[in-house]
Amino acid sequence: MERRHLDISGLVQGVGFRPFLYNLAAHEGITGWVRNNFGGVELEIQGEKSKISSFLKNLPLQAPAAAVIDSVAVVDIPAVSESKFVILTSESGQISGSPLPDQGICETCMEEIRNQTDRRSRYFLNSCIVCGPRFTIMEDLPFDRSRTSMVKFPLCSKCQAEYSSPGDRRFHAQTMACPECGPSLWFADSEGEMVPGDPFFHAGKILNNGGIIGIKGIGGYHLACLASSEQAVARLRILKGRDNRAFAVMFRDMETLKAECEVSDDEAKVLTSAARPILLLKQIRTGRIAHSVNPDLKELGAFLPYTGIHLGLFTMDDNDSGISALVMTSGNRSGEPLTIDDSLAFQELTFMVDGFLGHNRPILWRCDDSVMRFGQGKLLGIRRSRGYAPAPVKVGRSLVPLLACGAQQKNVFALTKGEQVFLSPHQGDLDQLETFISYQETILRFQRLLQCKPEWAIHDLHPDYNSTMFARNSSLKTIGVQHHLAHVNTVIAACQIEGPVIGVAFDGSGYGTDGKIWGGEFFSGEGACWKRNAFFSYYPMPGGEGAVREPWRMAASYLQPTGSERFLNRLAEKKLADQWTALRKAIQLGINTPYTSSVGRLFDGVAALIGGPLQVGYEGEAAVWLENIADNTAAGIYRYHIDHGEDGFRVDPGDIVTQVLEDMDFCEKSVISMKFHRTMAALIGEMVEKIYAQTGYKQVVLSGGVFQNRLLLDLAVEILHNEGFEVFLPEQIPLNDGGIALGQAWLGNLMIERGITDVFSSSR
Ligand SMILES: [Zn+2]
Ligand SMILES: [Zn+2]
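Residues numbered from 1 in each chain as written. Chains lettered and ligands numbered in written order. Predicted model: local features only at pLDDT ≥ 70, side-chain atom pairs only at ≥ 80, totals over all residues.

Enquirer: Run through the overall build of the chain, naming residues and quoting values.
Expert: Looking only at helices and strands, the chain has 23 helices and 30 strands in total. Taking 27 Å as the expected radius of gyration for a compact globule of 764 residues, we find that the chain reaches 28 Å, a close match to that expectation. By principal-axis analysis of the C-alpha atoms, the chain measures approximately 90 × 60 × 50 Å. Across the 764 residues that make up the chain, the buried fraction comes to 55%. (Helix = DSSP H or I, 4+ residues; strand = E, 2+ residues; numbered from the N terminus. Rg over C-alpha atoms; globule rule 2.2 N^0.38 Å. Buried ≥ 20, exposed ≤ 12 C-beta atoms within 10 Å, placed from the backbone.)

Below, the structure written as structure tokens:
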């Protein structure tokens, strides 16, 4: 008889790991015990030597699908006298385990809801050992019902029996419940007054009449309306104060989704995965989805129901007006944090909705839907939140305890613990006061949940970012990391790249070490030792941030040196000539005119020049327009000239924009767009070659929000591959500012270790 003590670390809590071990032990005839602890799961097993080795062999092979085992430490201990295997209650205390992300409802639970003879028939908050909310209902670790918002719902005797029965699929399922003991659904009118009767009947009636309802789901409230109704979608856009950004659509099932979008096998797998993100897919445009959902775009953000509540909306069996697709957008006014609290929802969303569908289980963490897309054979992140956060990113080496504060837009912050970086759920844009307040609260709560005690705060160099101010006002030691180097280092950390790289950062804007606005940079280096090898020549941003909202100003700025008559005439047609005269004066006097190397601004300018939006509702709108109109079959390219100055290589974007202007007499805008994309990709290829000639580095990192442009990314990767470079892109972690905290943590840690504050000086 032998006995072993096992310590298993990783994502092993809340995935049915202890019941799995119980059943495995029973199968092998092994005795002992198991419990959740601060590191994950710990157990002692006792039995014949052959049975113990069989147990240890099968443990990793048969573990639950959602579990991620990092390590198993096995120690010999003396055998004791015992006769069975038991599950013990959890140890509390210092935590190093990880909270599990929310898991979309599983097929078996959906079946139970549909099955009229099951005792959970039409129990829309159904969950089991492998599915249901996790992170968003978690008060504390380890993951036990008593530390979640399910504590309000003690198990009834039937559920208790399932919970304690080793063969049951709800054996030790912390979020399980039934109609008798679990949380229940309600329907309220737009004022928040409860309305008796079947909640789905009321919700369905409003939706089918073209109304809008607020729906409380897993990570917060959604606003929903029929995706087929132009009128409903238009009304939602106005009420929410939403710009031209596309809405996402939730489809009833995969069949309905496939009727509207092209779906590859890989994409189908992600759509039905436990994370159930919104996936950007090529749309077929059947006419069933209102045009105003994603005006003129080729892609649609699509996703599938991930809780029984969604299922109920699509399958109202007593009501044959079945809904097949709903616009689902976060329940907030544009820019404000997602609403999770019922009474706040009744106050703040009341003027946008015709009713509310909800439940009485509190949501403890705000968690927006994740947005992803496939590119270059990878699942590329646009927003990493519900279903993914807060699963840690492993970076392969231990980091000092720190807080990486993120940027200003699309904020995500990060906390470190050993080799793990915990990226927060999506926080939003910190220039909104409500969002900034929520950001600060969330940092404190996240620290408590993960028991992280940061000693350092890593922040952006931009002095006016709220995240920077938060770091500087905190009691932590601080280090600033340049925005685009952070972008490059995000990819290095996520892909665990070893050795030096050439880093390309094409971005909207970020504060440079020379006080200019960077965003078209080429770096080389490794560790905490970097060089800026090349950049786009600086051009004025007339009126500062105003140039982001009005891309025509950038077009004018790039054309200013050549003083193009033709563009001035176009401005006059659009009644902008007077404004330009004033802005031009301001540029000459140096008033409110920062200078920028941003490629995001260059895409804006070219778009505005050839017929795209002159004013935009959100950053990136003009660039999305430009990519969307490109004729992929068109050939041709613009000339560009790479200068070699004292501070590195330089390319003049004005030169390219001038050719675009001349080309407008000869080419369709779809052709010009394609030529411009080809030019930018070729330029990346040539610049990387030049830096390779200086450094010998063969690894290339593409980073920054501009690379969300699928066309540019594909063209650039193809060229770099043909030149023999290895190109790195991270899975799930956004290339935009939503991923920047990972790079801040990685590079900040290296700077702390080396005791330096300037990564550029040490390389010279
Ligand atoms: Zn389930
Ligand atoms: Zn029950």
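Let's pick the thread back up.
Enquirer: Tell me about the domain arrangement of the chain, residues and numbers included.
Expert: Looking at the assigned domains, one finds that the chain contains domain 1 (2-87), domain 2 (185-359) and domain 3 (535-698). Computed over C-alpha atoms, the centres of domain 2 and domain 3 are 37 Å apart. Class assignment of the residues belonging to the side of domain 2 that touches domain 3 gives a composition of one nonpolar, one polar and four charged. (Domains from an automatic or database assignment. Nonpolar A, V, L, I, M, F, W, Y, C, P; charged D, E, K, R; others polar.)

Enquirer: Help me get a handle on the packing of helix 13 (residues 483-495) against helix 23 (residues 740-754), residues and values and all.
Expert: The relative placement of two packed helices comes down to the angle between their axes together with the axis-to-axis distance. For the pair helix 13 and helix 23, interaxial distance at closest approach is 7 Å and the crossing angle is 85°. Viewed along their axes, helix 13 and helix 23 adopt a mutual orientation that is roughly perpendicular. Residues Leu-485, Ala-486, His-487, Val-488, Asn-489, Thr-490, Ile-492, Ala-493 and Ala-494 of helix 13 touch helix 23, and the partners they reach there are Ile-740, Leu-742, Gly-743, Gln-744, Trp-746 and Leu-747. Here the contact of helix 13 with helix 23 is built from residues that sort into ten nonpolar, five polar and no charged. (Axes fitted to C-alpha atoms, helices over the stretch in contact; angles between N-to-C directions. Parallel < 35°, antiparallel > 145°, perpendicular 65-115°, else oblique. Contact = placed C-beta atoms within 7 Å.)

Enquirer: So what about the sheet that holds strand 11 (residues 299-303)? Which residues, and what values?
Expert: Read from one edge of the open sheet, ten strands run 6-13-7-8-12-9-11-10-14-15, paired in mixed fashion. The sheet is open, and its two borders are formed by strand 6 (185-188) and strand 15 (378-383), each paired with just one other strand. The mean inter-strand angle of the sheet, taken between neighbouring strand axes irrespective of direction, is 35°. Relative to strand 12 (residues 325-330), strand 8 (residues 221-226) runs antiparallel, the two sharing five bridges. (Pairing = 2+ DSSP bridges.)

Enquirer: Which residues make up the environment of Val-293, and what values do they have?
Expert: One can find Val-293 in the loop between strand 10 (278-282) and strand 11. By the C-beta count within 10 Å, which is 24 here, Val-293 ends up buried. With 46 residues separating them along the chain, Val-293 and Phe-247 place their C-alpha atoms 5.4 Å apart. Ignoring any residue separated from it by four or fewer positions in sequence, one finds Val-293 in contact with Ala-227, Val-233, Ala-246, Phe-247, Val-249 and Val-327.

Enquirer: Can you break down the packing of helix 18 (residues 599-609) against helix 20 (residues 653-663) residue by residue, with the values?
Expert: At their nearest, the axes of helix 18 and helix 20 sit 10 Å apart, and the two run at 15° to each other. By the angle between their axes, helix 18 is roughly parallel relative to helix 20. For the crossing formed where helix 18 meets helix 20, the hand is right-handed. For the pair helix 18 and helix 20, contact is made by Leu-602, Gly-605, Val-606 and Leu-609 and by Pro-653, Val-657, Val-660 and Leu-661, respectively. (Left-handed = near helix turned anticlockwise from the far one by under 90°.)

Enquirer: How would you explain the sheet that holds strand 21 (residues 477-481) if you had to name every residue and give the values?
Expert: Pairing within the open sheet is mixed, and its six strands lie in the order 16-19-18-17-20-21. Looking at the sheet topology across the chains shown, the edges are occupied by strand 16 (393-394) and strand 21. Relative to strand 20 (residues 456-460), strand 17 (residues 402-404) runs parallel, the two being bridged by three bridges. Residue pairing in the sheet places Leu-402 in a bridge with Trp-456 of strand 20. Against the sheet, helix 11 (residues 433-450) engages strand 17, strand 18 (414-417) and strand 19 (420-423), with an angle of about 20° to strand 18.

Enquirer: I'd love a proper account of the nonpolar core, names of residues and values included.
Expert: Core analysis: the largest hydrophobic core is formed by 241 residues, its most contacted members being Val-249, Ala-302, Leu-326, Val-327 and Leu-742. It is helix 21 (residues 669-695) that contributes the most residues to this core, ten residues altogether. Once residues within four sequence positions are removed from consideration, Leu-326 is found in contact with Ala-224, Cys-225, Leu-226, Ala-227, Val-249, Met-250 and Leu-313. (Core = buried A, V, L, I, M, F, W, Y, C linked by C-beta atoms within 7 Å.)

Enquirer: Now, about the pairing of strand 18: what can you tell me, with residues and values included?
Expert: Both faces of strand 18 are covered, namely the face carrying Ala-414 and Thr-416 and the face carrying Leu-415 and Lys-417. With two bridges connecting them, strand 17 and strand 18 associate as antiparallel partners. The residue of strand 18 that forms the bridge with Ala-404 is Ala-414. Examined bridge by bridge, strand 18 and strand 19 share four bridges and lie antiparallel to one another. Along strand 19, the bridge assignment pairs Thr-416 with Val-421. Joining the antiparallel neighbours strand 18 and strand 19 is a turn of two residues, in which Gly-418 adopts a positive phi near 60°.

Enquirer: Residue-level account of helix 15 (residues 552-559), with values.
Expert: Buried residues dominate helix 15, accounting for eight of its eight residues. Turning to helix 15, its buried residues are Trp-552, Arg-553, Met-554, Ala-555, Ala-556, Ser-557, Tyr-558 and Leu-559.

Enquirer: Talk me through unusual backbone geometry; I want residue IDs and the actual numbers.
Expert: Here Leu-141 and Pro-142 are connected by a cis peptide whose omega angle stands at -5°. Of note, Pro-142 is situated in the loop between helix 3 (107-114) and helix 4 (157-163). In this model, Ala-389 is joined to Pro-390 through a cis peptide bond whose omega is 0°. Mapped onto the secondary structure, Pro-390 falls in the loop between strand 15 and strand 16. Even without being a glycine, Arg-276 presents a positive backbone phi close to 40°. Its place among the elements puts Arg-276 in the loop between helix 8 (265-271) and strand 10. Residue class for Arg-276 comes out buried when judged on the 25 C-beta atoms lying within 10 Å of it. The backbone of Gln-376 shows a phi angle near 50°, a positive value even though the residue is not glycine. Considering the arrangement of structural elements, one finds Gln-376 in the loop between strand 14 (371-375) and strand 15. Exposure remark for Gln-376: the 14 C-beta atoms within 10 Å place this residue in the partly exposed category.

Enquirer: So what's going on with the pairing of strand 2 (residues 31-37)? Which residues, and what values?
Expert: Of all seven residues in strand 2, five are buried; the element is thus mostly enclosed. Taking the residues between adjacent antiparallel strands as the criterion, strand 2 and strand 3 (residues 40-47) are bridged by two residues. Examined bridge by bridge, strand 2 and strand 5 (residues 85-87) share three bridges and lie parallel to one another. Bridge pairing in strand 5 links Gly-32 to Phe-85.

Enquirer: Account for helix 6 (residues 230-240), with residues named and values stated.
Expert: Here helix 6 has its buried residues at Ala-232, Val-233, Leu-236 and Arg-237. Here the buried residues of helix 6 occupy an arc of 135° about the axis, which is enough to place them on one side. Counted as exposed and oriented over 90 degrees from the buried face of helix 6: Gln-231 and Ile-238. Taken together, the buried residues of helix 6 touch strand 8 and strand 12. Looking at the residues trailing helix 6, positive phi occurs at Gly-241, about 70°. (Arc of directions from axis to C-beta.)

Enquirer: Before we move on, could you go through the environment of Phe-135 and cite the residues and values that matter?
Expert: Here Phe-135 lies in the loop between helix 3 and helix 4. Accessibility expressed as a C-beta count within 10 Å gives 27 for Phe-135, which makes it buried. Each C-alpha atom, one on Phe-135 and one on Cys-367, is 9.0 Å from the other, the two residues being 232 residues apart in sequence. With residues up to four places along the chain from it excluded, the contact list for Phe-135 reads Pro-99, Leu-100, Pro-101, Asp-102, Trp-365, Cys-367 and Pro-390.

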